[in-house]
Amino acid sequence: PSLENVKIDKKTGDYKLDDLAVAMQKANLYGDMVVSYKKFAYGLPTLLFCVDVNHSKEVCAAFNKAGVQAEHVDALMPDKNRNEVIARLEKGETKVITNVGIFTTGVDIPCIQCIILARPTKSYNLYIQILGRGTRTYPGKEKFYVLDHADCIAEHGFIEREKKCSLTGETPNAKPFITTCRVCYHVWDPYE
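A quick note: this is a predicted structure, and the numbers were derived from the prediction, not measured. (Residues numbered from 1 in each chain as written. Predicted model: local features only at pLDDT ≥ 70, side-chain atom pairs only at ≥ 80, totals over all residues. Heavy atoms only, no water.)

A. Broad picture of the overall build of the chain. On a plain count of helices and strands, the chain comes out with 6 helices and 7 strands. The secondary structure elements of the chain, listed N-terminal to C-terminal, are α-α-β-α-β-α-β-β-α-β-α-β-β. Of all 192 residues assigned to the chain, the portion counted as buried reaches 42%. A sequence separation of at least 24 residues applies to 65% of the contacts in the chain between residues at least 6 apart. Carbon and sulfur atoms make up 52% of the accessible area of the chain, which totals about 11100 Å². (Helix = DSSP H or I, 4+ residues; strand = E, 2+ residues; numbered from the N terminus. Buried < 20%, exposed > 50% of the residue type's maximum accessible area, 1.4 Å probe, protein only. Contact = heavy atoms within 4.5 Å. Areas by Shrake-Rupley, 256 points an atom, 1.4 Å probe, with all protein chains shown as cover.)

Here it is in structure tokens:
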């Protein structure tokens, strides 16, 4: 997505959500997300992170329209209902859960085998929290997929390459160096 008109919030250091929502809506990546899910992670329990509730609902609708059982979860949904959605995901009845930030921290859904990023972020901590949902161990799970439709890997690098942290607000590491195939868009670390 083009983020050239998206302003940075001076308080958070991250993108302003209203601007980000407009940019992501213009990018219209819904179909691409469905296609990449079907190509790389079809049938795997998936968490998809969006910019705002409207974006999450639209992405959810695109998956359902394409025949992939998806459900939207947000902060207004009672815990009981959220737990029911998670149970359907664990049973394989639901394949994709779209959300904004309700499943970013403080939740453990170890069956997750795919994370779809539809929400650009400047926050390394948010990025790591989101990807952390896929790092939980689970019987039979050997790996998880990250389908990045928000250019977060280019911004922050691979989760396997942990950045040094600083309490002073400085960013001790330069922007990660990654390579992207011009044909298939596969992203990799040339130093590994």
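B. Structural view of the packing of aromatic side chains. Across all of its chains, the model carries 3 aromatic pairs by this definition. For the pair Y124 and Y127, a centre-to-centre distance of 6.4 Å together with 40° between the ring planes defines the contact as tilted. Remark: Y127 and Y124 occur in helix α5 (residues 124–132); sequence separation between them is 3 residues, near one turn of the helix. The class of Y127 is buried, set by a relative accessible area of 1%. A connected cluster of aromatic rings, assembled from ring pairs, spans Y37, Y42 and F63. (Phe/Tyr/Trp six-rings, centres within 6.5 Å; stacked < 30°, edge-to-face > 60°.)

C. Region of interest: the pairing of strand β1 (residues 46–49). Along β1, one buried face is formed by T46 and L48 and the opposite face, lined by L47 and F49, is buried too. Two elements, β1 and strand β3 (residues 96–99), share 4 bridges in a ladder whose sense is parallel. Note on β3: the bridge partner recorded for T46 is V96. (Pairing = 2+ DSSP bridges.)

D. The side chain of R119, seen in detail. Along the chain, R119 falls in the loop between β4 (114–117) and α5. For R119, a relative accessible area of 10% corresponds to the buried category.

E. Representation of the nonpolar core within the structure. L47, I97, F103, I109, I115, L117 and Y127 are the most contacted members of the largest nonpolar core, which has 24 residues in total. Put simply, the parts of the chain that give this core at least two residues each are β1, α4 (79–91), β4, α5 and α6 (152–156). Looking at this core element by element, the count peaks at 4 residues for α5. Setting aside residues up to four positions removed in sequence, L47 forms contacts with I97, N99, F103, I109, I112, C114, I115, I116 and R133. The next biggest cluster of nonpolar side chains, apart from the first, holds 18 residues, and it includes M33, L44, C60 and A118. (Core = buried A, V, L, I, M, F, W, Y, C linked by side-chain atoms within 4.5 Å.)

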